[in-house]
Amino acid sequence: MITAIASGKGGTGKTTVAVNLALSLGGVQLLDCDVEEPNAHLFLKPEFQHKRPVEVLVPLINEELCDHCGRCSEFCQYNALAVTRDLVMFFPELCHSCRGCILVCPKDAITEGKRTTGIVEYGVRDDIEFIHGILDVGEAMASPVIAEVKRDMNKEGDILIDVPPGTSCAVIESVKDVDYCILVTEPTPFGLNDLKLAVEMLKEMKIPHGVIVNRAGIGDEGVHEYCKSENIDILMEIPHDEKIARLYSNGVPFVSELPEYKKRFKEMFEEIRRVVEG
């Protein structure tokens, strides 16, 4: 089963949930797809074993063959190519590697090249396999790195995916084809606003989902009322607890010091499995 842990906004505790859930279950694969700012490894503390670069396709223009007709730039919807009478300009950060410019060039002046936009690292912690991606500084598109992280999913077992915050293209790439999505929120007006955005996204993608309320006890009842009105299961509540906060601040997963939560996470996961299997 592939389970994503997402949120409508940053700072709600989805990495906390992802790491503690992985440690509670054991024998799972944990993927950190928040490639712009991966931090699950800071809590899981895996032993990294190897890494590989992430490469994307880019056009290579042969100026000797190019007659500057401009068809490539007309085709490119992302403005990655600009053609003047004497020059072809390429903006690699805008290129989506669709290869369309190669297809429309009447002079066969464009061929495929590659450039590196990030890395994928592999590690282990006990019986947990860990994979995360790191987007290179200055790169605009996280999706290619996320796709490479997901390429090595072991679908023979259970997979947990720590998703970037928000509802961007990177989030959609991360939750695509998952069996279930856990939405982590906080009981505040800001948490509710962004939870609604995430729920609408998952409804559009037809992904079953439930909610974990983190820092329960602060804020108001808006999240609970919304979930009740939308018939969304509240899977668990994690209280606004100073001990949990202290452990987090020291990079310690709270299930290691509060073992009663391991049982709660396991029970929650088995309930999710029953929902997915129908």
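The structure presented is a predicted model; accordingly, all values stated were derived computationally and were not measured. (Residues numbered from 1 in each chain as written. Predicted model: local features only at pLDDT ≥ 70, side-chain atom pairs only at ≥ 80, totals over all residues. Heavy atoms only, no water.)

Lay out the pattern of salt bridges with the relevant residues and their values.
Under the counting rule described, the total for this entry stands at 18 salt bridges. For the salt bridge of Arg-85 with Asp-86, the shortest nitrogen-to-oxygen distance reads 3.8 Å. On the basis of relative accessible area, Asp-86 is assigned to the exposed category, the value being 57%. For Arg-274, the salt bridge goes to Glu-271, with nearest N and O atoms at 2.7 Å. Here Arg-274 pairs with Glu-271, and both are found in helix 10 (residues 260-277), just three residues apart, close to one helical turn. (Salt bridge = Lys/Arg side-chain N within 4 Å of Asp/Glu carboxyl O. Buried < 20%, exposed > 50% of the residue type's maximum accessible area, 1.4 Å probe, protein only. Helix = DSSP H or I, 4+ residues; strand = E, 2+ residues; numbered from the N terminus.)

An account of the pairing of strand 11 (residues 234-239) is requested, with residue identities and associated values reported.
Along any regular strand the residues' side chains alternate between the sheet's two faces. Pairing geometry for strand 10 (residues 209-216) and strand 11, over five bridges, is parallel. Counted as the bridge partner of Val-213 is Glu-237 from strand 11. At this point the chain moves from strand 10, through helix 8 (residues 222-229), to the parallel strand 11, and the crossover so formed is right-handed. (Pairing = 2+ DSSP bridges. Right-handed = clockwise from strand over helix to strand, strands pointing away.)

Give me helix 8: which residues, what numbers.
All buried positions along helix 8 are accounted for by Gly-222, Val-223, Tyr-226 and Cys-227. Looking straight down helix 8, one finds that the buried residues subtend no more than 130° of arc, so they occupy a single side. Relative to its buried face, helix 8 has exposed residues pointing more than 90 degrees away, namely Glu-225, Lys-228 and Ser-229. Those residues of helix 8 that are buried lie in contact with strand 9 (180-185), helix 7 (189-205), strand 10 and strand 11. (Arc of directions from axis to C-beta. Contact = heavy atoms within 4.5 Å.)

Hey, could you go over the domain arrangement of the protein for me, with residue numbers and the actual values?
Domain assignment breaks the protein into domain 1 (2-54 + 124-277) and domain 2 (63-108). With four residues of domain 1 at the interface, the matching set in domain 2 holds four residues. Of the roughly 260 Å² buried where domain 1 meets domain 2, counting both sides, 63% is carbon and sulfur surface. Along the contact surface separating domain 1 from domain 2 lie zero salt bridges. Between domain 1 and domain 2 we count zero residue pairs in polar contact (both at pLDDT 80 or more) in total. Partitioning the side of domain 1 that touches domain 2 into residue classes produces two nonpolar, one polar and one charged. (Domains from an automatic or database assignment. Buried area = accessible area lost by both parts, 1.4 Å probe. Polar contact = N/O pair within 3.5 Å; in protein donor to acceptor, adjacent residues only side chain to side chain. Nonpolar A, V, L, I, M, F, W, Y, C, P; charged D, E, K, R; others polar.)

Tell me about a nonpolar patch on the surface, and name the residues and values.
On the surface, Tyr-78, Leu-87, Met-89, Phe-91 and Leu-94 cluster together to form a nonpolar patch covering roughly 420 Å² of accessible area. Here Phe-91 lies in the loop between strand 5 (88-90) and helix 4 (100-104). (Patch = residues over 30% accessible without salt bridge, like charges linked within 9 Å, V, L, I, M, F, W, Y side chains within 5 Å. Areas by Shrake-Rupley, 256 points an atom, 1.4 Å probe, with all protein chains shown as cover.)

A description of the packing of aromatic side chains should follow, citing residues and the corresponding values.
Tallying each qualifying case throughout the model produces four aromatic pairs. On the numbers, 5.1 Å between centres and 80° between planes, the contact of Phe-254 with Tyr-261 is edge-to-face. By relative accessible area, Tyr-261 is classed as buried at 8%. Aromatic rings pair up to connect Phe-254, Tyr-261 and Phe-265 into one cluster. (Phe/Tyr/Trp six-rings, centres within 6.5 Å; stacked < 30°, edge-to-face > 60°.)

Tell me about the environment of Ala-4, and please be specific about residues and values.
One can find Ala-4 in strand 1 (residues 2-6). C-alpha separation for the pair Ala-4 and Leu-183, spaced 179 residues apart in sequence, amounts to 8.4 Å. Beyond its immediate chain neighbours, meaning those up to four positions away, Ala-4 contacts Ile-161, Val-163, Val-175, Val-178, Tyr-180, Cys-181 and Ile-182.

Break down the environment of Asn-154 for me, citing the residues and quoting the values.
On the secondary structure map, Asn-154 appears in the loop between helix 5 (143-151) and strand 8 (159-162). With a relative accessible area of 37%, Asn-154 lands in the partly exposed category. Taking the C-alpha atoms as reference points, Asn-154 and Ile-2, 152 residues apart in sequence, are found 9.6 Å from one another.

Would you mind going over helix 7 in detail, with residue names and values included?
With 17 residues, helix 7 should cover 24 Å at 1.5 Å per step; its first-to-last C-alpha distance of 25 Å lies within 8% of that length. All buried positions along helix 7 are accounted for by Gly-191, Leu-192, Asp-194, Leu-195, Ala-198, Val-199, Met-201 and Leu-202. Where helix 7 is buried, its residues meet helix 6 (169-175), strand 9, strand 10 and helix 8. Positive phi shows up at Lys-206, right after helix 7, with a value of about 60°. (Expected span 1.5 Å × (residues − 1).)

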